[in-house]
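Listed here are the chains, written in short residue letters.
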Amino acid sequence: MHGLINRAVQCFLRDTYGAERWLRVARAAGFGSDGFDTMAVYDLSVTEALLDAAAVQLDRPRDVVLEDLGTYLVSHPTVEPLRRLLRFGGATYLDFVLSLEDLPGRSRLAVPDIDIPELLLEEAEADVFVLGCRSPLRGAGHVMMGLLRAMADDYGALVLLDHLGAVDGSERLHIQVLETSFAAGRRFDLASATSPVAGG
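All values reported here derive from a predicted model rather than from experimental measurement.

Reading the values: the criteria
Residues numbered from 1 in each chain as written. Predicted model: local features only at pLDDT ≥ 70, side-chain atom pairs only at ≥ 80, totals over all residues. Heavy atoms only, no water. Helix = DSSP H or I, 4+ residues; strand = E, 2+ residues; numbered from the N terminus. Expected span 1.5 Å × (residues − 1). Buried < 20%, exposed > 50% of the residue type's maximum accessible area, 1.4 Å probe, protein only. Contact = heavy atoms within 4.5 Å. Axes fitted to C-alpha atoms, helices over the stretch in contact; angles between N-to-C directions. Parallel < 35°, antiparallel > 145°, perpendicular 65-115°, else oblique. Nonpolar A, V, L, I, M, F, W, Y, C, P; charged D, E, K, R; others polar. Patch = residues over 30% accessible without salt bridge, like charges linked within 9 Å, V, L, I, M, F, W, Y side chains within 5 Å. Areas by Shrake-Rupley, 256 points an atom, 1.4 Å probe, with all protein chains shown as cover. Salt bridge = Lys/Arg side-chain N within 4 Å of Asp/Glu carboxyl O. Phe/Tyr/Trp six-rings, centres within 6.5 Å; stacked < 30°, edge-to-face > 60°. Lys NZ or Arg CZ within 6 Å of the ring centre and 35° of its normal.

Quick word on helix 4 (residues 62-75)
For helix 4, built from 14 residues, the straight-helix expectation of 20 Å at 1.5 Å per residue is met to within 8% by its first-to-last C-alpha distance of 20 Å. For helix 4, the set of buried residues is Arg-62, Val-65, Leu-66, Glu-67, Leu-69, Gly-70, Tyr-72, Leu-73 and Val-74. Where helix 4 is buried, its residues contact helix 1 (3-17), helix 3 (44-58), helix 5 (80-87) and helix 8 (140-155).

Written out as structure tokens, the structure is:
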């Protein structure tokens, strides 16, 4: 896994639960307190151990931790560049959903070797979709669930989301867009400066 992924988990734990909780997770997973180099590449087992330790230390199911991570990646100020990358998917939430298959390619323009799940969107009926999410990381679809939920809030859209489980190694997410202008979304300025790497 790219170091940015592990660093994102580190920042999520530190920003959400505090530095001491992050240190307990790091120790439980067998890592140093300095955390992860954003330019390095780590074995998948490192990321898995980090997430498993976080679930134990937080006393929460791993899937819930992953969904909270997805929400954090959109909503926290320290990862604003990722939110901007996602908002380039379109002017409305429906536009954003329809652009999801392009997200891995857009992400690799910023970080060429980033580990973004392979996404496959199927339109079941008008404004109802099934998103396939294939990744070597166990439970990556739950990160996408949190991200999709947070992006709906960001756009001010009303959506129904459900994790349908996995088929042939691909997690499947049900997305129903009920209203694209349900509430006021967060302000988004297309002209603001961006950076591909989160701080932290």
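And the narrative resumes.
Some details on the packing of helix 3 against helix 4
For the pair helix 3 and helix 4, the least separation of the axes is 9 Å and the interaxial angle reads 105°. Of the possible angle classes, the one that applies to helix 3 and helix 4 is roughly perpendicular. In this structure, helix 3 contributes Glu-48, Leu-51, Asp-52, Ala-54, Ala-55 and Leu-58 to the contact, and helix 4 contributes Arg-62, Val-65 and Leu-66. The class makeup of the residues in the contact of helix 3 with helix 4 is six nonpolar, no polar and three charged.

Digging into the environment of Leu-164
Mapped onto the secondary structure, Leu-164 falls in strand 3 (residues 158-167). When the C-alpha positions of Leu-164 and Val-130 are compared, they lie 9.0 Å apart, and in sequence the two are 34 residues distant. Apart from residues lying up to four places away in sequence, Leu-164 is in contact with Arg-172, Leu-173 and His-174.

Quick look at the packing of helix 1 against helix 2 (residues 19-29)
Between helix 1 and helix 2, the least distance of the axes is 6 Å, while the angle of their chain directions is 140°. Looking at the two axes, helix 1 sits oblique to helix 2. Side by side, helix 1 and helix 2 meet where Gln-10, Leu-13, Arg-14 and Tyr-17 of the first sit next to Ala-19, Arg-21, Trp-22 and Val-25 of the second. In terms of residue class, the contact of helix 1 with helix 2 is made up of five nonpolar, one polar and two charged.

Examining a nonpolar patch on the surface
The grouping of Leu-158, Leu-160 and Leu-178 at the surface amounts to a nonpolar patch, some 240 Å² of accessible area in total. Tracing the sequence through the fold places Leu-178 in strand 4 (residues 170-179).

Notes on the packing of aromatic side chains
Under the counting rule described, the total for this entry stands at eight aromatic pairs. Plain terms: the ring middles of Tyr-93 and Tyr-155 are 6.1 Å apart, the flat faces sit at 75° to each other, and that makes the pair edge-to-face. With a gap of 62 residues between them, Tyr-93 in helix 6 (residues 93-98) and Tyr-155 in helix 8 connect regions that are remote in the sequence. By the burial criterion, Tyr-93 is buried, and Tyr-155 matches it. Through successive ring pairs, a cluster of aromatic residues spans Trp-22, Phe-31, Phe-36 and Tyr-42. If you follow Arg-87 out to its NZ or CZ, it ends over the ring of Tyr-155, 4.1 Å from the centre.

Quick notes on unusual backbone geometry
With a phi close to 55°, Asp-59 is a non-glycine residue in the positive phi region. Take Asp-59: it is sitting in the loop between helix 3 and helix 4. Of the residues examined, Asp-59 reaches a relative accessible area of 71% and is grouped as exposed. Phi at Asp-127 takes a positive value of approximately 65°, unusual for a residue other than glycine. Tracing the backbone shows Asp-127 in the loop between strand 1 (118-125) and strand 2 (128-134).

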